[in-house]
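Spelled out, the chains give:
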Amino acid sequence: SNWITLTGREGLPPTLYRGAAVDSLGHAWVGTMDAGLFRSTAPFTASTLEDTRFDAVWTAESGAPSNEIESLLFAEGLMWVGTVAGLTGIDPGTLEPVVQLGQDEGMPGEYATSMDRSPTTGSIWVGTGGGLAEVDPKARRVLRSITKADGLIDDETCYYGSVRVGPDGTVYFGTCAGLSVYRPHRDRANDVPPTPRITDFSYTETAWGNNAVSIQYAALSFANERKVRYRTRLVGYDDDWSEETAEHRIRYTNLGAFFLPRTYTFEVTASNDAGLWADSAATIHIRVVPAWYLQWWAVLLWIGIVVGSSVAYVRHKTRQQAIQLAKEREINEQLRKVDKLKDEFLANTSHELRTPLNGIIGIVEGLLDGVAGEVTDMMRTNLATVVASGRRLATLVNDILDFSKMAEHDIVVQQKPVNVRVLADIVLQISTPLLAGKPVDLTNEISPALPPAAADESRVQQILHNLVGNAIKFTHEGHVTVTGEQRDGMLAISVSDTGIGIPEDKREAVFREFEQVDASTAREYGGTGLGLSITKRLVEAHGGTIDFTSVLGEGSTFTFTLPVSDEEVDNDEAERALSRLRDDATEKAAAISMEAATSTRTNGDARIHILVVDDEPVNQQVLANHLAFSNYRISQALNGRQALDLIHSDDRFDIVLLDIMMPRMSGYEVCEQIRQRYLPSELPVIMVTAKNQVSDLVQGFDVGANDYIAKPFTKDELLARVKTHLNLLHINA
């Protein structure tokens, strides 16, 4: 048969076919309307023709701009494929696109609908939707484009196969408006450069210096003025040439000028349809005068105003600062005087307090020794309490006096050889009564071989007393241990405990004056906050240092250093001092033994039952003594929890004497809980405390207290108030 039909059986899709071509290898190529580009699997020959099959080689899925193939032509080793995006050259061997020519590469339009090759020049003439293009298949670039502006009857190719090239190179271009015949060999390149001219110029400016410049320009070209392109620049504003454009108008706004007039130069150049640029640019000079407030005289005026204002402001601020500084100096001087007066007052008062305290302690100790006759057990307990209170007050007075001296840098240490181990024994013996029954072991692990320290004996004892006292205060069970070693030419003495530890946020304030871990009304531990501050100053006065480590909930270790003495110490004298202090510790134990627990005292067949709640044994003893001769039955509690346990027990109380500042639970909280069970008319509560501010009284009455007695009080006042509330209780009963 003379005809062979190739359809879906050979792999071709059922669609419209817009182009076909054969490459140099003999493969047949077929372009479809909507299925992409196909190629035969084998060359077309007489023996293989009937067995030929086709494969899709270039589709939208494999990188083609779309599945719509417009035209096909094989030239210079490439299969040129017309698509909706222009012209693509594909290598028949690798089936990969090699070159893509679109509008950015000079094609006059998209949709390379039809093409043919010139027999005279070898160029490919391509019909597009925007005109006719000549493509060099060797150089693989667009040589020129012919459009309606060049004389074509229309730009758009009419249909597929509407571009043909005659034997002499004449191009026949079928359009929707008719047939255009173009003879390339007669079309000579335009070698006459255009002449750019500025045709119009306008400049406007407002009163405040805002300006606008509008410039129009043109170029004379006798071939195709529609293809003239322009480039512009404004020297002094933008020295680079602009991109090519057909626009022949430009506008600038707010050209700057400052201090003096400024000149800008506008330049425009042009190219003809052949891309030949003008030999010279058209220019115009634009002189911009600064706005009045930016001219030289105005700028100098502004500078003068700013400088004058700045100088005036600086002078004003300087005067203000001088006045403020003088006031601050005056205030500082007054504060220094007040501080000095305060220190002098503290020192003088402390000295004056020492004399009566010494008398009180001495006379009472004499009574304890029996100088006034036989001493009963009750008398001994009361007298021992007076001695303990006096010594406690004496310690506080000494702390205040030391603090005052430190403020004046008046602490003097008299260094001599000191046996630190013996001093530690003395302090531990003195501190034993402070345990008050707590399961805490006091241990001295300082080696007898430790060399003596060059220190002030009384001050070292004061240091150890503060550290051991703090350790006992904050340790509920476990041990307090004193150790020592020689380190870097110094003696390092450590006091360790198994107490509550120190929180991280309080470690910076440990050695500050009047700083305490808990300063609330219901704080568990007392003290003034001076002990550790004084300790640090005393250690530093000896040339040593003090530091600590602590783990919250596990304990703390305070370590201080003292210089080593080259001399020997008199150990016999130290042992005699230790023996004397052991006797003193026995007396203190008698006074502090009252802290053991809750107790009840009864006078005869007393029917009135009074609950005394106070964390201080001394205060307990004072109240018990005052109430002892009034036929009252007295129960005592050392803290709020003990008091509530007693109130909730089977005992019936007629009145409660309640302290405010107690460990764990304040008197305010205790009173609130009492009022949850008893009305004020059922169980009167009298606050007995050293807090005597108006706000303290108001808070006490707010939580349900019946009355308020401020310490120190007289026996008559106490008994009168108690009797009054007992009478009211009986009236309301």
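What comes next concerns the included structure. Bear in mind that the values here come from a model prediction, so they are computed numbers and not experimental data.

## Details of the side chain of His542
(1) Moving on: Turning to its location among the elements, His542 is positioned in the loop between helix H5 (531-541) and strand S27 (546-551).
(2) Moving on: With relative accessibility at 4%, the residue His542 sits in the buried group.
(3) Moving on: Side-chain polar atoms of His542 contact the backbone nitrogen of Asp456, separated by 3.0 Å.
(4) Moving on: Residues contacting His542, with those up to four places away along its chain left out, are Val413, Gln415, Ala454, Ala455, Asp456, Arg459, Val460, Leu562 and Pro563.

## A closer look at the packing of helix H3 (residues 420-431) against helix H4 (residues 457-473)
(1) Moving on: Interaxial distance between H3 and H4 falls to 9 Å at its minimum, and their mutual angle equals 45°. By the angle between their axes, H3 is oblique relative to H4. Crossing of H3 against H4: the hand is right-handed. Of H4, the residues touching H3 (which contributes Leu423, Ala424, Ile426, Val427, Leu428, Ile430 and Ser431) are Glu457, Val460, Gln461, Leu464, His465, Val468 and Ile472.
(2) Moving on: Counted by class, the contact of H3 with H4 contains ten nonpolar, three polar and one charged residues.

## What to know about helix H11 (residues 715-732)
(1) Moving on: In this model H11 runs 26 Å from its N-terminal to its C-terminal C-alpha over 18 residues, within 8% of the 26 Å that 1.5 Å per residue would give.
(2) Moving on: Taken together, the buried residues of H11 touch strand S30 (608-613), helix H7 (617-627), strand S31 (632-637), strand S32 (655-658), strand S33 (685-689) and strand S34 (707-710).

## Quick look at the pattern of salt bridges
(1) Moving on: Taken as a whole, this structure holds 16 salt bridges when the rule is applied.
(2) Moving on: Note that Arg487 is salt-bridged to Glu485, the shortest N-O span being 2.6 Å.
(3) Moving on: Among the ionic pairs, Asp614 bridges to Lys711, the shortest N-O distance being 3.1 Å. On the criterion of sequence distance, the pair formed by Asp614 in the loop between S30 and H7 and Lys711 in the loop between S34 and H11 is long-range, its members being 97 residues apart.
(4) Moving on: Ionic contacts of the salt-bridge type, sharing partners, join the residues Arg18, Glu68 and Glu70 into one network.

## Some remarks on helix H8 (residues 640-647)
Structural remark: α-helix, 3.6 residues per turn; residues separated by three or four positions point the same way.
(1) Moving on: Turning to H8, its buried residues number three or more, namely Gly640, Ala643, Leu644, Leu646 and Ile647. Seen end-on, H8 carries its buried residues on one side only, within an arc spanning 160°.
(2) Moving on: Packed against the buried residues of H8 are S30, S31, S32 and helix H9 (667-675).
(3) Moving on: Backbone nitrogen of Arg641 and a side-chain oxygen of the N-cap are separated by 3.2 Å at the start of H8; the cap is Asn639.

## A short note on the sheet that holds strand S9 (residues 114-117)
(1) Moving on: Spatial strand order, S9-S10-S11-S12: four strands in an open sheet with antiparallel pairing. Each end of this open sheet is capped by a strand with a single partner; those strands are S9 and strand S12 (141-146). Pairwise comparison of adjacent strand axes, ignoring direction, gives a mean angle of 25° for this sheet.

## Details of the packing of H8 against H9
(1) Moving on: Between H8 and H9, the shortest axis-to-axis distance is 10 Å and the interhelical angle comes to 15°. With respect to H9, the element H8 is oriented roughly parallel. The two elements H8 and H9 cross, and the hand of that crossing is right-handed. Taken together, the residues of H9 that come into contact with H8 (itself represented by Gly640, Leu644 and Ile647) are Val670, Gln673 and Ile674.
(2) Moving on: Partitioned by chemical class, the residues of the contact of H8 with H9 number four nonpolar, two polar and no charged.

Here is what the cut-offs are and how they apply
- Residues numbered from 1 in each chain as written.
- Predicted model: local features only at pLDDT ≥ 70, side-chain atom pairs only at ≥ 80, totals over all residues.
- Heavy atoms only, no water.
- Helix = DSSP H or I, 4+ residues; strand = E, 2+ residues; numbered from the N terminus.
- Buried < 20%, exposed > 50% of the residue type's maximum accessible area, 1.4 Å probe, protein only.
- Polar contact = N/O pair within 3.5 Å; in protein donor to acceptor, adjacent residues only side chain to side chain.
- Contact = heavy atoms within 4.5 Å.
- Axes fitted to C-alpha atoms, helices over the stretch in contact; angles between N-to-C directions.
- Parallel < 35°, antiparallel > 145°, perpendicular 65-115°, else oblique.
- Left-handed = near helix turned anticlockwise from the far one by under 90°.
- Nonpolar A, V, L, I, M, F, W, Y, C, P; charged D, E, K, R; others polar.
- Expected span 1.5 Å × (residues − 1).
- Salt bridge = Lys/Arg side-chain N within 4 Å of Asp/Glu carboxyl O.
- Arc of directions from axis to C-beta.
- Pairing = 2+ DSSP bridges.

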